[in-house]
Amino acid sequence: MTDMRVTLAGVELKNPIVVASGTFGFGHEYAELFDLSELGGICVKGTTVSQRDGNPSPRIAETPSGILNAVGLQNPGVDAFCAEEVPFLRKFDTKIIANISGNTLEEYALLSEKVSAAGVDLIEVNISCPNVKAGGMAFGTDPRSAAAATDAVKRNAGKVPVMTKLSPNVTDITEIARAAESAGADALSLINTLLGMRIDVRTRRPIIRNNTGGLSGPAVLPVAVRMVWQVANAVKVPLLGMGGVASGADAAELMMAGASAVAVGTALFGDPYAAVRVRKELEEFCETNGVAAVRELTGAVRPW
Amino acid sequence: MNVYKCTLLSNTRLTESSHDLRVLAPEMKDARPGQFVHVKCEGFTLRRPISVCDFDGEILRLVVDRRGAGTDWLTSRAPMTVLDILGPLGRGFSADGNILVVGGGIGTPPLIYAAKSAASADAIVGFRTASAAMLLGDFSEVCGTVQIATDDGTLGAHGRVDTLLEKRLAEHKYDRVLACGPAPMLRACVRVCAGAGVPLEVSLEERMGCGVGACLVCAVKLKDGNGGTYMGRVCKDGPVFRAEEVCFDD
Ligand SMILES: Cc1cc2nc3c(=O)[nH]c(=O)nc-3n(C[C@H](O)[C@H](O)[C@H](O)COP(=O)(O)OP(=O)(O)OC[C@H]3O[C@@H](n4cnc5c(N)ncnc54)[C@H](O)[C@@H]3O)c2cc1C
Ligand SMILES: Cc1cc2nc3c(=O)[nH]c(=O)nc-3n(C[C@H](O)[C@H](O)[C@H](O)COP(=O)(O)O)c2cc1C
Ligand code: FES
C-alpha cells in the first residue's frame, strides 16, 4: 500500500489529486457521481467581490487535444460562496481550496479576508486568468504586481496558507514565481491556461465570442511539465502542478518535474471520473514501481 | 445520470447526412423527452451532445447529423461498437396534455419522444429541401396531424414552419407548443405563440464542456422574472426552457 498523503503549504492532503478551479464548479454536480472525499482537495470556481455574469456564449472551442475557454469568471460573488458553498463542501472529507480573483489590491485583500474567515483550507490567488479584460492578466504578467497581489492576500489570510497561481503567458515564469515567493506565497500553482484563438474559416468569425480564450487539456501538458520543472528549480515553496493531466502517468510526470500535488481539470469533460481514475492510476504506478510514498516522486526527475 | 458503456445495435442512414442509431441502454431508465446524452467520440477532448430521440426502457434512439469530425466518427460506427455515453442529462419538455410539436431540421428528433409521451400531439416540421426530410413516418405514428414545410417547396408547404404554426394555432387549441430547431425558427415560434397566447417550450443548443453543469461554458441569458437577467446553463437548467424565461435578444 502506497502512502498517498502529501503536504502542500502545510496542509495535509490525503492524496495528491485535486480538481482544477473552474472545471468542477462548487462540486454539486460531480457529487452526484462520486464521493468528493475521494479527492485530495477541491479548487473551486474562481470567485470575485461581486457576482459576475461572465462572457457571452460560445465560451468554448475544441482544439487538437484540448479546448479554449472564455467563461469570464462567471460566479455568484464571494459572499454567496462563503455562505452557501463552503458549508456544502465542508460535508466532505477533503480540502477546500478557494480561488480568488481581484481587479485591484483592495479587492484581493477583501476576498482574502472573507474566504479565510469562511474557513477554507487554502487560498489560491488567481493572478493569471487571461479572460477578464480589466483584471487577471496585468497582475500575473508583471513581477511587481504579482508580488503585490500575493502580499495583499497574505496579509489578510490569517492562518490560512496562500498559493499564487501563475500564468504561463509570460516570457520567464521563474521571475514571477520568485516574486510571489518573496511576497510570502506558501505555495505556487501552475499552469493556468495559455492564451489562444480559433477562427471558423467559413464564417471568418472566431469560434469563441470573446475572440480569444485560454487553452487547456492534453495539448498543454508538456508546457506545464517544463514550467513546473523550471519553477521547482527557482523557488523553495511547494508546487501544485496542473495542465493537461489525464492519466496517472501524466500526474507522475508533473510530480517528478517538481509538483507536490496535481490538479485535474479539462480531462473531466471527457471523463467525469477522471480525477478519481488519475488517483487510482497514480497509486498503481507507485505500487508497480516500488514507490513507498507518493511524495517521493516530487522532483524525482533525473535531468540529463 | 452516469457514464454507461452501451452497445450500438444498428446504424441506418436516414438522409444524405443523418443517421439513426439504436443503442442498448437499459441503464438510461430515467431518460425523459427533451433530455440529451453526451457521447464520447474517439480522439476528441470533448463529448458531443445528442438529444434523446426515443427511448423504450431498453433501446435508446439517437438521430445524428454529420456536421464535423465528431459526428462523422459517430455516424460511421458499425453495429456492436461499444459507445461511452454520459446521461441522461438536463431538463426536458413538459410532454403531457394536448401538445403541438414544431421542429426544424436536426431539431426534429427529440420531438418524437415528446409527442409519443403526451396524451395527444400534432406536428409541424420543416426542412431545407425534400431530400433532407426525415422521421416523417415516425411523426405520423405518434401524431394526429403532421404538416411539413420546406424552404424550397420540394415537399409540403413552400416556406417556413412559423407560417404553418400561426394558422394552426388560429384554428386549434393546444395546452402547449414544444419547439426544437435553429435559433431563427425558435425566435419565430416565440413571436407566434406569444401572439396566440399559447405556452411555448424551446430546446436550445450551445457548445458544451462538462455537460453536467459544472464548467459554465454553455451559458444562456435568462430572465429572472423581476426585470433582471442571470446566466443559466443549457446543459443543466435546460436544454429545454419556457420561452418567456429566455432572452433571445443576443
Ligand atoms: C442539447 C443538444 C442536443 C443536440 N441534439 C442533437 C441531435 O439529436 N442530433 C444531432 O445531429 N445534433 C444534435 N446536437 C448538435 C450536435 O451536438 C453537434 O452537431 C455536434 O456536437 C457537432 O460535433 P462535430 O464534431 O461533428 O462538429 P465540429 O464543428 O467539428 O465540433 C467542434 C466542437 O463544437 C461543438 N459543436 C459544434 N456544433 C455544435 C452545435 N450545433 N451544438 C453544440 N455543440 C456544437 C462540438 O460538440 C465540438 O465540441 C445537439 C446539440 C445540443 C447542445
Ligand atoms: C472551463 C474552465 C474554467 C476555468 N476557470 C478558472 C478559474 O475560474 N480560475 C482559475 O484560476 N483557473 C481557471 N481555469 C484554469 C484551470 O484551473 C487550469 O489551470 C487549466 O485548465 C489547466 O489545467 P487542465 O488542462 O487540466 O484543465 C479554468 C479552466 C477551464 C477549462
Ligand atoms: S457544459 Fe459544463 S456547465 Fe454546461
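Everything here concerns the structure above.
Residues numbered from 1 in each chain as written. Chains lettered and ligands numbered in written order. Predicted model: local features only at pLDDT ≥ 70, side-chain atom pairs only at ≥ 80, totals over all residues. Heavy atoms only, no water.

Asks: Can you tell me about the state of the cysteines, naming the residues and giving the values?
Replies: Residues and elements named next belong to chain B. Inspection of every chain in the model, using the stated rule, returns zero disulfides over all chains. Unpaired in terms of disulfides, C193 finds its nearest cysteine sulfur in C189, a separation of 5.9 Å. A relative accessible area of 1% places C193 in the buried class. (Disulfide = S-S within 2.5 Å. Buried < 20%, exposed > 50% of the residue type's maximum accessible area, 1.4 Å probe, protein only.)

Asks: An account of the packing of helix 6 (residues 173–182) of chain A against helix 7 (residues 221–234) of chain A is needed here, citing residue identities and associated values.
Replies: All names here are of chain A. Orientation of helix 6 relative to helix 7, taken along the N-to-C sense of each, is 45°, at an axis distance of 9 Å. Of the possible angle classes, the one that applies to helix 6 and helix 7 is oblique. Regarding helix 6 and helix 7, the two cross each other, and that crossing is right-handed. Here helix 6 contributes I173, T174, A177, R178 and E181 to the contact with helix 7, which in turn contributes M227, Q230, V231 and A234. Residue classes in the contact of helix 6 with helix 7 are distributed as five nonpolar, two polar and two charged. (Axes fitted to C-alpha atoms, helices over the stretch in contact; angles between N-to-C directions. Helix = DSSP H or I, 4+ residues; strand = E, 2+ residues; numbered from the N terminus. Parallel < 35°, antiparallel > 145°, perpendicular 65-115°, else oblique. Left-handed = near helix turned anticlockwise from the far one by under 90°. Contact = heavy atoms within 4.5 Å. Nonpolar A, V, L, I, M, F, W, Y, C, P; charged D, E, K, R; others polar.)

Asks: So what about the packing of helix 5 (residues 143–156) of chain A against helix 6 of chain A? Which residues, and what values?
Replies: All names here are of chain A. Where helix 5 contacts helix 6, the axes come no closer than 8 Å and their chain directions differ by 30°. The crossing of helix 5 and helix 6 is right-handed. Within the contact between the two elements, helix 5 uses P143, A146, A147 and T150 and helix 6 uses E175, I176, A179 and A180. In terms of residue class, the contact of helix 5 with helix 6 is built from six nonpolar, one polar and one charged.

Asks: Please give an account of the environment of A157 of chain B that cites residues and values.
Replies: Here A157 of chain B shows up in strand 11 (residues 157–158). Along the sequence, A157 of chain B and A243 of chain B sit 86 residues apart, while their C-alpha atoms lie 26 Å from each other.

Asks: Give me the lowdown on the nonpolar core, citing residues and values where you can.
Replies: Counting 140 residues, the largest nonpolar core has Y30 and L188 of chain A together with L165 of chain B as its most contacted members. Element by element, the count of residues in this core is highest for helix 7 of chain A, at seven residues. Sequence-distant contacts of L165 of chain B, that is, excluding residues within four places in its chain, are made with L100, V102, I124, V177, C189, V192 and C193 of chain B. Ranked by size, the runner-up nonpolar core spans 25 residues in total, among them V63, A114, V125 and V240 of chain B. (Core = buried A, V, L, I, M, F, W, Y, C linked by side-chain atoms within 4.5 Å.)

Asks: Tell me about the site of ligand 2, and please be specific about residues and values.
Replies: Within the structure, ligand 2 sits among 23 residues, and S21, K165, G217, G244 and T266 of chain A are positioned closest to it. With respect to ligand 2, the chains having nearby residues are chains A and B. At a separation of 2.8 Å, an oxygen atom of ligand 2 approaches a polar side-chain atom of K165 of chain A. Within the backbone of G244 of chain A, one N or O atom sits 2.7 Å away from an oxygen atom of ligand 2. Contact with the protein chains covers 99% of the free accessible surface of ligand 2, which is 610 Å². When the residues that make up the shell around ligand 2 are grouped by side-chain class, the tally is six nonpolar, 15 polar and two charged. (Near = heavy atom within 4 Å. Polar contact = N/O pair within 3.5 Å; in protein donor to acceptor, adjacent residues only side chain to side chain. Areas by Shrake-Rupley, 256 points an atom, 1.4 Å probe, with all protein chains shown as cover.)

Asks: An account of the site of ligand 1 is needed here, citing residue identities and associated values.
Replies: Residue and element names in this part refer to chain B. Within the structure, ligand 1 sits among 19 residues, and R48, P49, D65, T71 and E205 are positioned closest to it. Contact distances for ligand 1 include 2.7 Å between an oxygen atom and a backbone N or O atom of D65. G70 places a polar main-chain atom, nitrogen or oxygen, 2.8 Å from an oxygen atom of ligand 1. Its free accessible area being 820 Å², ligand 1 has 86% of it covered by the protein chains. Listing elements by their share of the shell around ligand 1, those giving two or more residues are strand 4 (48–51), strand 6 (59–65) and helix 1 (69–75). In terms of residues, the shell around ligand 1 owes the most to one element, strand 4, which gives four residues. A breakdown of the residues in the shell around ligand 1 according to their chemical character gives nine nonpolar, four polar and six charged. For the shell around ligand 1, the domains that each give at least three residues are domain 1 (2–89) and domain 3 (204–250). (Domains from an automatic or database assignment.)

Asks: Quick one: what's the story with unusual backbone geometry, residue by residue and with numbers?
Replies: The amide bond that connects S57 of chain A to the next residue, P58 of chain A, takes the cis arrangement and shows omega of -5°. Omega for the bond connecting L190 of chain A with I191 of chain A falls within 30 degrees of zero, at 10°, which places this linkage in the cis form. Mapped onto the fold, I191 of chain A is located in the loop between strand 10 (187–190) and strand 11 (194–197). Of note, A9 of chain A is a non-glycine position whose phi angle comes to about 55°, a positive value. Within the secondary structure, A9 of chain A is located in the loop between strand 1 (6–8) and strand 2 (11–13). A positive phi is found at L135 of chain B, a non-glycine position, where the angle reads about 60°. If you trace the backbone, L135 of chain B turns up in the loop between strand 9 (120–127) and helix 3 (136–142).

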